[in-house]
Amino acid sequence: MVFNKKTLRDLKKEFLRYLLIIIVMVLGIGVSVAYTNVYESVKSTVLDNWEECNVEDGEFAMYMPLDDDQKKSFEDKGAKLEEAFYKDMETDDGLTVRMFKTRENIDLLNLHSGNMPSTDDEIVVDKVFAKNNDLAVGDSIDLGGKTYKISGTVTAVDYLQRIKEFSDAGTSSTFGVAFVTKEAFDVITEDSSDLIYNYIYTLNGASNDELKEYLFSINQIVTPNDTYDSLYSFTERENNSRIVYGYQSVENQKTIGIIAAILVGALVAYIISVFAVNAVNEESQSIGILFAMGYERHKIALQYTKLPVIVAVIGSVLGCISGKFMTSMLISSTYSYPEIKIAFPWYMILFAVVVPVVFAFIINYIAVNKRLNTSPLALLKNESKHKNVKAVKIQSSNFIRGFRLHQLMGDIKSYAVTALGMILAIMIMMIGIAMDSTISHFADEAVDDVKYQNMYVLSTMPDQMPEHAEAGIIKSYSLKYEPANSYFTVMVAGITPDSKYYDLAPKVEGLNEDEVVVSTAVAEKFGYKVGDTITLKDLLKDEDVSFQVKEIADYSYGFQVFMNLNAMRKRYDTSSDYYNTIYSEDPIDTENMSVVYESSYDSVKDTVNNWVKLGRSEFIMFSVISIVIFVIVTFLLVKSMIERSKYNISMLKVMGYENSDISKIYINQNVYIVLAATIIGLPLSKVVIGKLVNMMTSAMKCYMPAYIGAIQFVMAVAVILIAYIISMLIVKRRVNKISLTEVLKNRD
């Protein structure tokens, strides 16, 4: 056909335009593919690793170790049992290392580098912990008065998320796990203080309920201050965040990647269609001649759609390739994953290649066909440029101002469509800018909420309260979060109304044993309001407890609800002076205390700062990509407005108008489009980003609201302004080059 050779000529003629469009597609689709690949790669790697390492079906901890008869009775129910005792040990520089002996049958280790320990003075450590603290194979580490040589680095399938306690909101760079030989561990545990009697098991046909029931039947332990079951904790695999959170945290990235691919595909298809229609307008007379010669409309429309589709194919394919390379950059280094095998799911080809190409074809075909839906005579006379201009009465003493307003009102539909494209580009840019500000703001808020320097949760009440310390009660429950289909730990904290460690303490004044003050984190994450009933679950005993939400108070770190301390003692039928939690300014001697959980201001700060540190590189990359996309889209849309007005600009030049006057009419008025897109796009972005952040953080053990502060809005406006100025300068050069002969090309 006559247009076959024309496609290549058009590509060469507007090479820069199509190159920029391809860049937008490569960046946008690349990110969307990378996010989806992260989900598929992490999930497939983790699940394969479960099989290879014989991952546990659950674990439990006892206050006293099981004897041989009890172990046999447990395994007689069909389960396989293995000891996974551990002891937390400190280094001289403040690191906490959880020491295990190497595994034999369950939760086997993945060797990342070096060798497994073969002598009593060798140790292997978690690879991420080693990286965070500059430890390498061959280095030495002092623990418990003994020096160990690091023989290798590993990942443990049951510590993918390296958290000290299940209630911890995130990982800390100062906490890690390590493994020594059985003989070396026996030496360590000669001093059984602080030794946790933890066991791991696989079901092999047994049931969790049956195993739990048996463990509860073991004799209770009685102390002068309390009576409690021998079973301390029982955690099934699906509720063990150390195991499952490593891939649950990336589940929503699949949805985000697909949505991003669709948005980028639609945006690019729209931009290309604008230029395709401009090309039809520019070549209207030639097309009219072809019509008169008998060429069919749909065949001409297909020819003008060919180049947009080719560009979409190139951009989509290159985007998929770049996405595969970006994948490793987006895999979080927070988690101790084994070597990730990069996957490329077939459905991503559909959304990253097929969808943008289909969008490009459909949108361009409809737009071009609609423009061609006129008579050959109208095309020959190029009437579309001069008809349907609304009669708008504009009172202005300045001709240029009046002409500019008349031009704007007469072509309001085209300007509105251009503004829509810019709004989409602004939204993509704001998502990138908001990511970093959201997590940074959350980190600041969480650290500000923690007023204590040290907190100790005890299994039994000590004989004497340390001086200059404050007593409290903490009980741990679980609350199911349906969007993530998982249980999150919620701490019920009993505090005094005059507690100096919680700003919200006065709010618990006068609460009875059935009333609680709910933190904003719990209220927002789970949707509770004042007057609601909150029901928490004790997964260990399979019991529910319910409270009435009396008030909601600002508190961001972790999931907590607060009770009046005396009311909590009454609710749980304890003595009037009972406590199991100690808050203090200075560290206290816990040698004679049974500490089950310890936290400090420094550890909280380290955890949230670790989030910011690990997420910042990803967010900066996304921000840069989104800003580049916005700048390119802004330039292309502004350029399209000038391309559409070439005839009129040429006419004004013939009439003797200077380039400066023409710029005032056709370039400066674009500021109204940018202004309108900014006014609409920024508030709309805040709403969309709020929904998106909720989706992205649904699996996180915290509530992280989207945050776009004044600085972020100023940054966005600055980027928009810079993009507009750059586009104007480039387009102004284009206006100056428009020849007077353009008007002669379209004469009747």
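Quick look at the structure, then. Since the structure is predicted, the reported quantities are computational estimates derived from the model, not experimental observations.

1. A word on the overall build of the protein
Stage number 1. Helices and strands together make up the secondary structure of the protein, namely 22 helices and 22 strands.
Stage number 2. Burial statistics for the protein: of 748 residues in total, 55% are counted as buried.
Stage number 3. Summarising the internal contacts of the protein: among those between residues at least 6 apart in sequence, 83% fall at separations of at least 24.
Stage number 4. Within the structure as shown, the protein displays about 33,000 Å² of accessible surface, and the carbon and sulfur contribution to it stands at 55%.
Stage number 5. When the 71 positive and 89 negative side-chain charges of the protein are each reduced to one mean point, those points stand 22 Å apart.

2. Some details on the packing of aromatic side chains
Stage number 1. Counting across every chain of the model gives 26 aromatic pairs.
Stage number 2. On the basis of an interplanar angle of 20 degrees and a centroid distance of 5.2 Å, the ring pair of F60 and Y199 is categorised as stacked. Here Y199 lies in strand β10 (residues 195-202) and F60 lies in strand β1 (residues 58-62), a separation of 139 residues in the sequence. Per residue, the accessibility class of F60 equals that of Y199, and both read buried.
Stage number 3. Ring geometry for Y335 against Y337: centres 5.7 Å apart, planes inclined by 55 degrees, an arrangement best described as tilted.
Stage number 4. Given a relative accessible area of 11%, Y335 falls into the buried group.
Stage number 5. Residue classification places Y337 among the buried residues on the basis of a relative accessible area of 4%.
Stage number 6. Ring pairs connect the aromatic residues F60, F74, F85, Y197, Y199, Y201 and F234, which therefore count as one cluster.
Stage number 7. Over the ring of F100 we find R103, and its NZ or CZ is 5.0 Å from the ring centre.
Stage number 8. Positioned above the aromatic ring of Y148, the side-chain terminus of K146 is 5.6 Å from the ring centre.

3. Topic: the nonpolar core
Stage number 1. Ranked by size, the top nonpolar core spans 141 residues in total, and within it V42, I271, Y337, M430, Y502, F562 and F630 carry the most contacts.
Stage number 2. Setting aside chain neighbours within four positions, we find I271 in contact with I21, V633, L636 and L637.
Stage number 3. Counting residues in hydrophobic clusters, the runner-up holds 38 residues, among them F74, I150, L195 and L203.

4. Some words on empty space enclosed by the protein
Stage number 1. Within the structure shown, the criterion is met by four cavities of 30 Å³ or more.
Stage number 2. Considering only enclosed or pocket space, the largest cavity measures out at about 220 Å³ in volume.
Stage number 3. Lining the largest cavity are 17 residues, and of these S167, M491, Y557, Q560 and Y597 lie nearest its centre.
Stage number 4. Elements supplying a minimum of two residues to the lining of the largest cavity: β16 (486-495) and β22 (595-600).

5. Looking at the packing of helix α3 (residues 68-75) against helix α6 (residues 208-216)
Stage number 1. Two elements in contact, α3 and α6, have axes whose closest approach is 10 Å; the angle formed by their N-to-C orientations is 155 degrees. Taken together, the axes of α3 and α6 lie roughly antiparallel to each other. Where α3 crosses over α6, the handedness of that crossing is right-handed. Across from Q70, S73 and F74 in α3, the residues of α6 making contact are L211, Y214 and L215.

6. Some words on unusual backbone geometry
Stage number 1. Even without glycine at this site, D134 takes up a positive phi of about 55 degrees.
Stage number 2. Mapped onto the elements of the fold, D134 is located in the loop between α4 (127-132) and β7 (140-143).
Stage number 3. In this structure, H468 is a non-glycine residue whose phi angle is positive, near 55 degrees.
Stage number 4. With respect to the element layout, H468 can be found in the loop between β14 (454-458) and β15 (469-481).

7. Thoughts on the pattern of salt bridges
Stage number 1. Taken as a whole and assessed by the stated rule, the structure comprises 16 salt bridges.
Stage number 2. Close ionic contact of R571 with D514 constitutes a salt bridge, the shortest N to O distance being 3.1 Å. Here the residue R571 occupies a position in helix α16 (residues 565-571), and D514 occupies one in the loop between β16 and β17 (515-519), the gap between them amounting to 57 residues.
Stage number 3. With a relative accessible area of 40%, D514 lands in the partly exposed category.
Stage number 4. A salt bridge links K550 to E515; its shortest N-O distance comes to 3.6 Å. Here the residue K550 occupies a position in strand β19 (residues 543-553), and E515 occupies one in strand β17, the gap between them amounting to 35 residues.
Stage number 5. The network of salt bridges with shared partners includes K71, E83 and K101.

8. Regarding the pairing of β1
Stage number 1. In terms of burial, β1 is a largely internal element, five of the five residues being buried.
Stage number 2. Neither face of β1 is exposed, since G58, F60 and M62 on one face and E59 and A61 on the opposite face are all buried.
Stage number 3. Bridge count between β1 and strand β13 (residues 231-236): five bridges; the pairing is antiparallel. Looking across to β13, one finds that A61 is bridged to S233.

9. Observations concerning the packing of helix α20 (residues 670-696) against helix α21 (residues 710-737)
Describing two packed helices takes the angle between their axes plus the distance from one axis to the other.
Stage number 1. Two elements in contact, α20 and α21, have axes whose closest approach is 11 Å; the angle formed by their N-to-C orientations is 155 degrees. Classified by the interaxial angle, the pair formed by α20 and α21 is roughly antiparallel. Judged by the sense of rotation from one axis to the other, the crossing of α20 with α21 is right-handed. Contacts from N670, V671, V674, T678, L682 and K686 of α20 reach α21 at F713, A716, V717, I720, Y724 and M728.
Stage number 2. Among the residues forming the contact of α20 with α21, the class breakdown is nine nonpolar, two polar and one charged.

10. Side note on the side chain of R162
Stage number 1. Turning to its location among the elements, R162 is positioned in the loop between β8 (146-156) and β9 (175-180).
Stage number 2. For R162, a relative accessible area of 1% gives the class buried.
Stage number 3. Side-chain polar atoms of R162 contact the side chain of S336, separated by 3.4 Å.
Stage number 4. Residue contacts for R162: discarding those within four places in its chain leaves D126, V128, F129, N132, T171, S172, F175, T334 and S336.

11. Quick word on the environment of S623
Stage number 1. With respect to the secondary-structure elements, S623 resides in helix α17 (residues 601-644).
Stage number 2. Excluding its chain neighbours within four sequence positions, the residues that come into contact with S623 are G432 and I433.

12. Thoughts on the pairing of β19
Stage number 1. Alignment of β17 against β19, held across five bridges, turns out to be parallel. The partner of E515 across the bridge, within β19, is Q548.
Stage number 2. Here strand β18 (residues 533-538) pairs with β19 via six bridges, running antiparallel. Its bridge partner lying in β19, K537 is registered against D544.
Stage number 3. If you look at the hairpin formed by β18 and β19, you'll find four residues sitting between the two strands, and D542 has a positive phi there, around 55 degrees.

Here is what the cut-offs are and how they apply
Residues numbered from 1 in each chain as written. Predicted model: local features only at pLDDT ≥ 70, side-chain atom pairs only at ≥ 80, totals over all residues. Heavy atoms only, no water. Helix = DSSP H or I, 4+ residues; strand = E, 2+ residues; numbered from the N terminus. Buried < 20%, exposed > 50% of the residue type's maximum accessible area, 1.4 Å probe, protein only. Contact = heavy atoms within 4.5 Å. Areas by Shrake-Rupley, 256 points an atom, 1.4 Å probe, with all protein chains shown as cover. Lys, Arg positive; Asp, Glu negative; His and termini not counted. Charge placed at Lys NZ, Arg CZ, Asp CG, Glu CD. Phe/Tyr/Trp six-rings, centres within 6.5 Å; stacked < 30°, edge-to-face > 60°. Lys NZ or Arg CZ within 6 Å of the ring centre and 35° of its normal. Core = buried A, V, L, I, M, F, W, Y, C linked by side-chain atoms within 4.5 Å. 1 Å grid on protein atoms, 1.4 Å probe; cavity = no way out; pocket = protein on both sides within 12 Å on 5 of 7 lines; lining within 4 Å. Points joined across faces, edges and corners; volume = space filled by probe spheres on them. Axes fitted to C-alpha atoms, helices over the stretch in contact; angles between N-to-C directions. Parallel < 35°, antiparallel > 145°, perpendicular 65-115°, else oblique. Left-handed = near helix turned anticlockwise from the far one by under 90°. Salt bridge = Lys/Arg side-chain N within 4 Å of Asp/Glu carboxyl O. Pairing = 2+ DSSP bridges. Nonpolar A, V, L, I, M, F, W, Y, C, P; charged D, E, K, R; others polar. Polar contact = N/O pair within 3.5 Å; in protein donor to acceptor, adjacent residues only side chain to side chain.

Nothing here speaks to function; it is geometry throughout.
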